[in-house]
Amino acid sequence: MRIWQAILLGAVQGLTEFLPVSSSGHLLVMERWLGVNTNGGLFFDIALHVGTLVPVCIVFFKSIKGLFKKPFGKLLYLFVASLPAAAIGFLFQDEIEVLYKGGGVLSAVLLAVSFVFTAAELILAEKISEKNKNALPLSLKSSIIMGVFQGFAVIPGLSRSGTVITGGTLCKLDRDTNAEFAFLMSIPVILGATAISGIKTVRSGCG
């Protein structure tokens, strides 16, 4: 992979990370369009996500700081919401990596279906949001539901933020709380995925 290709992939990641359009899916499309072999597979994509994690932490610095203030309710919700994706990532890491490394018609169809599904769920979330008259506060129940939705978003092309926000909308959260918590949920997931993938990469290198 050439430097200009890495820069272009980084730009795609940066432009799509804050939109509910699946940055991972668009990275796969761009990688295959450019004929790029990232060698590290999923690890390279995760590394790009770490880069966009920095502005997320800056923008939501106050919210992150607030997690560590008593009574630690939102921190508990964030922990609970991270469990489904963490479990899926740990138990099915090899299968997930195959989805990201795979090519051919089947992979292209999976991406196309995931993109369409993302669009459909965003339309559904918008319609439901318009009907939600009385917004509810974040709770243990809503954090669990959003966590389960985030677990499904390991599928390439399925927007993590869009899927999580859809889950929050179904729980009748107000838009601001929903969006903020959805982005906060990305932090432990990206850090956890980076740690697991990094350890695996180091072990394979040592072997």
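Scroll up to find the structure.
Notes on the structure in this doc start here.

1. Re a nonpolar patch on the surface
On the surface, Leu 76, Phe 79, Leu 83, Leu 140, Ile 144, Val 148 and Phe 152 cluster together into a nonpolar patch covering about 640 Å² of accessible area. Of all the secondary-structure elements, those providing two or more residues to the nonpolar patch are helix H5 (73-91) and helix H8 (140-152). The dominant element in the nonpolar patch, judged by the number of residues it contributes, is H8, at four residues.

2. Describing the packing of helix H1 (residues 3-16) against helix H2 (residues 23-34)
The geometry of a pair of packed helices is captured by two quantities: the angle between their axes and the separation between those axes. Here H1 crosses H2 at 155°, and the two axes come no closer than 9 Å. By the angle between their axes, H1 is roughly antiparallel relative to H2. Helix-helix and strand crossings are classified by hand; for H1 and H2 the assignment is right-handed. Counting all contacts with H1, which are made through Trp 4, Gln 5, Leu 8, Leu 9, Val 12, Gln 13 and Thr 16, the residues of H2 involved are Ser 23, His 26, Leu 27, Met 30, Glu 31 and Leu 34.

3. A short note on the layout of surface pockets
Quantified by volume, the largest pocket comes out at close to 770 Å³. Contributing to the lining of the largest pocket are 37 residues, with Tyr 100, Val 154, Val 189, Ile 190 and Ala 193 lying nearest its centre. Secondary-structure elements contributing two or more residues to the lining of the largest pocket are H2, helix H3 (42-59), H5, helix H6 (93-101), helix H9 (160-170) and helix H10 (175-206). If you tally residues by element for the lining of the largest pocket, the top one is H10, at eight residues. A breakdown of the residues in the lining of the largest pocket according to their chemical character gives 20 nonpolar, 14 polar and three charged. Empty space within the second largest pocket amounts to approximately 250 Å³.

4. Quick notes on H2
In a regular helix each residue adds 1.5 Å, so twelve residues correspond to 16 Å; H2 covers 16 Å between its end C-alpha atoms and thus fits that length. Within the span of H2, buried status applies to Ser 23, Ser 24, Gly 25, Leu 27, Leu 28, Met 30, Glu 31 and Leu 34. Gly 35 lies just past H2 and shows a positive phi near 70°.

5. Some points on the nonpolar core
Counting residues in hydrophobic clusters, the biggest one holds 19 residues, and the most contacted among them are Leu 78, Met 146, Phe 181, Leu 184, Met 185 and Ile 187. At the level of elements, H3, H5 and H10 are the ones that each hand at least two residues to this core. Counting residues per element, this core draws most heavily on H10, which supplies seven residues. Among all residues touching Leu 78, those that are not within four sequence positions of it are Leu 67, Phe 181, Leu 184, Met 185 and Pro 188. One finds Val 12, Leu 27, Leu 34 and Leu 48 within the second-largest nonpolar core, a separate group that totals eight residues.

Calculation rules
- Residues numbered from 1 in each chain as written.
- Predicted model: local features only at pLDDT ≥ 70, side-chain atom pairs only at ≥ 80, totals over all residues.
- Heavy atoms only, no water.
- Patch = residues over 30% accessible without salt bridge, like charges linked within 9 Å, V, L, I, M, F, W, Y side chains within 5 Å.
- Areas by Shrake-Rupley, 256 points an atom, 1.4 Å probe, with all protein chains shown as cover.
- Salt bridge = Lys/Arg side-chain N within 4 Å of Asp/Glu carboxyl O.
- Helix = DSSP H or I, 4+ residues; strand = E, 2+ residues; numbered from the N terminus.
- Axes fitted to C-alpha atoms, helices over the stretch in contact; angles between N-to-C directions.
- Parallel < 35°, antiparallel > 145°, perpendicular 65-115°, else oblique.
- Left-handed = near helix turned anticlockwise from the far one by under 90°.
- Contact = heavy atoms within 4.5 Å.
- 1 Å grid on protein atoms, 1.4 Å probe; cavity = no way out; pocket = protein on both sides within 12 Å on 5 of 7 lines; lining within 4 Å.
- Points joined across faces, edges and corners; volume = space filled by probe spheres on them.
- Nonpolar A, V, L, I, M, F, W, Y, C, P; charged D, E, K, R; others polar.
- Expected span 1.5 Å × (residues − 1).
- Buried < 20%, exposed > 50% of the residue type's maximum accessible area, 1.4 Å probe, protein only.
- Core = buried A, V, L, I, M, F, W, Y, C linked by side-chain atoms within 4.5 Å.

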